[in-house]
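Chain and residue survey
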Amino acid sequence: MEMQLPDDFRCPISLEVMTDPVILSSGHTFDRASIQRWLDAGNRTCPVTKVPLPPSPSLIPNYALRSLISSYLAHRPSAVASSSSDEDHLDSFLLSRFSFPSDAPTLSAVLRLAQSGSAASRRLVADSGGTSVLIRHADAPDRPDLQDLALRALLHISLDGDDARLGLLAEGALDPIVSALRGGPVAALAATFLTSLAVVDVNKATIGAHPAAIPSLAALLSGGDGRHRREAATALHELCKFAENRRRAVRAGVVAPLISFASEGSERAVRVLGLLAKCREGKEEMRKRIGFLRALAVVVKTGNPRGVEHALVVLNLVCSDSKEMALEAIGEGILDLCSVLAGDMNQKIGKNAMELARSLRIFSSPCISANIGQ
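What you see is a predicted model; the values in this text were computed from it and never measured.

Quick word on the packing of helix 8 (residues 162–170) against helix 11 (residues 201–209)
Running from N to C, helix 8 and helix 11 cross one another at 25°; their axes reach a closest spacing of 10 Å. Comparing their axes, helix 11 and helix 8 come out roughly parallel. Crossing geometry of helix 8 relative to helix 11 is assigned as left-handed. In this structure, helix 8 uses Arg165, Leu166 and Leu169 to contact helix 11, whose residues at the interface are Val202, Asn203, Thr206 and Ile207. Taken together, the residues that form the contact of helix 8 with helix 11 break down as four nonpolar, two polar and one charged.

The structure is reproduced here in structure tokens:
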């Protein structure tokens, strides 16, 4: 059976069947453990295309492929697909009859076409007008099963590049996504789709300007389950790379749930806090939150290397220009932690720890502490 599995089911790095497939910004899918090892080793190119990656690449869960692998394994197919020319003819015939409202089998077939891994197949869906039909189904909460299939297909189409992402927003995909974010079984999937669209800088501004987009992510981060919170934090991380969206996120109330999520070990939440701490409103909101420093201290003590690295950055941004926060941080034992971490083998952690320690020591001298007391 193993030999019959399609190549798309195998990780390009390990060549093993993927158990947790994730999509890199290059559009290629890898098993999470394999690509994370690649990135942790300092590589910043796609292993397949060698295309340069951003400094902090996003890994978008490929739920559709994971479901497909599970289904394939469960049914253990024994027959191979028809010839390529036959498939092309059937695809064109399918899309020529694709309209709203559709049914689950037809939407499933369009999804398979969109996730086939072929850019030509995804363009075929877009050029045939299939995306507009998918967007209408994505905006139909009364049929969550069809909504799920449509959003998955649209997600795969968005991975075809920046032009595809711009085109989807131009066709009106944003309103259905925001509606889907407000709860229900497809909320996490909608957040994943939003993350993909937000990779394009101009889309970050467009999405952030929607009056309900960031507030809906904030609500999902506050009241959702584990997967909802992870996907909401990932979308916020991408959106808040655009400066104005940081202020919008603070106003929407994301700081408190991010602190809570960070204290539970979410590296992504810490990284979003790092973006928010770059704006005045973000730093002020963090300083108001009781338990903020304690939560970040826990991350520094027990988090994974990436979480520790970013937690130190957040602490430095918030404490470096606030005597009150600096002294509170010292009281939480953060200066002592920095002294230990300054010699860490991870150069980024060591550098960030030394910078934070330098900031805190300015406020720890007796004369400054005495002046503060007066």
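Digging into helix 15 (residues 255–263)
Buried within helix 15 we find Val255, Pro257, Leu258, Ile259, Phe261 and Ala262. Tucked into the core, helix 15 has its buried residues touching helix 12 (213–223), helix 13 (226–239), helix 14 (243–251), helix 16 (267–276), helix 17 (280–288) and helix 18 (292–302).

Quick look at the pattern of salt bridges
Inspection of the entire model under this criterion finds 21 salt bridges. Measuring nitrogen to oxygen at the nearest pair gives 3.3 Å for the salt bridge that ties Arg165 to Asp162. Here the residue Arg165 and the residue Asp162 both occupy positions in helix 8, the gap between them amounting to three residues, near one helical turn. Among the ionic pairs, Arg289 bridges to Glu285, the shortest N-O distance being 2.7 Å. Given the relative accessible area of 37%, Arg289 is considered partly exposed. Shared partners join several salt bridges into a network, and the residues in it are Asp201, Lys204, Glu238 and Lys241.

Considering the nonpolar core
Within the largest apolar cluster, 98 residues are counted, with the highest numbers of intra-cluster contacts made by Leu134, Ile207, Leu217, Leu276, Met286, Phe292 and Leu312. Tallying contributions element by element places helix 7 (residues 144–158) first for this core, with eight residues. Beyond its immediate stretch of four places on either side in the chain, Leu134 contacts Phe98, Leu107, Val110, Val125, Ala150, Ala153, Leu154 and Ile157. Met18, Val22, Phe30 and Leu65 belong to the second-largest nonpolar core, a separate cluster that totals 14 residues.

Some remarks on unusual backbone geometry
That bond from Phe100 to Pro101 is cis: its omega, -5°, falls within 30 degrees of zero. Unusually for a residue other than glycine, Leu15 sits at a positive phi of about 65°. Its place among the elements puts Leu15 in the segment before strand 1 (21–23). The backbone phi angle of Lys50 is positive, close to 65°, even though this residue is not glycine. Among the secondary structure elements, Lys50 is positioned in the loop between helix 1 (32–40) and strand 3 (60–61).

Some remarks on the sheet that holds strand 3
Spatially, three strands are ordered 2-1-3 in an open sheet, and the strand pairing comes out antiparallel. Bordering the open sheet on either side are strand 2 (29–31) and strand 3, each of which pairs with just one other strand. Two elements, strand 1 and strand 3, share two bridges in a ladder whose sense is antiparallel. Each bridged residue has a counterpart across the sheet, and for Val22 the counterpart in strand 3 is Pro61.

Parameters and conventions
- Residues numbered from 1 in each chain as written.
- Predicted model: local features only at pLDDT ≥ 70, side-chain atom pairs only at ≥ 80, totals over all residues.
- Heavy atoms only, no water.
- Axes fitted to C-alpha atoms, helices over the stretch in contact; angles between N-to-C directions.
- Helix = DSSP H or I, 4+ residues; strand = E, 2+ residues; numbered from the N terminus.
- Parallel < 35°, antiparallel > 145°, perpendicular 65-115°, else oblique.
- Left-handed = near helix turned anticlockwise from the far one by under 90°.
- Contact = heavy atoms within 4.5 Å.
- Nonpolar A, V, L, I, M, F, W, Y, C, P; charged D, E, K, R; others polar.
- Buried < 20%, exposed > 50% of the residue type's maximum accessible area, 1.4 Å probe, protein only.
- Salt bridge = Lys/Arg side-chain N within 4 Å of Asp/Glu carboxyl O.
- Core = buried A, V, L, I, M, F, W, Y, C linked by side-chain atoms within 4.5 Å.
- Pairing = 2+ DSSP bridges.

As far as function goes, none of this settles anything; it's purely spatial.
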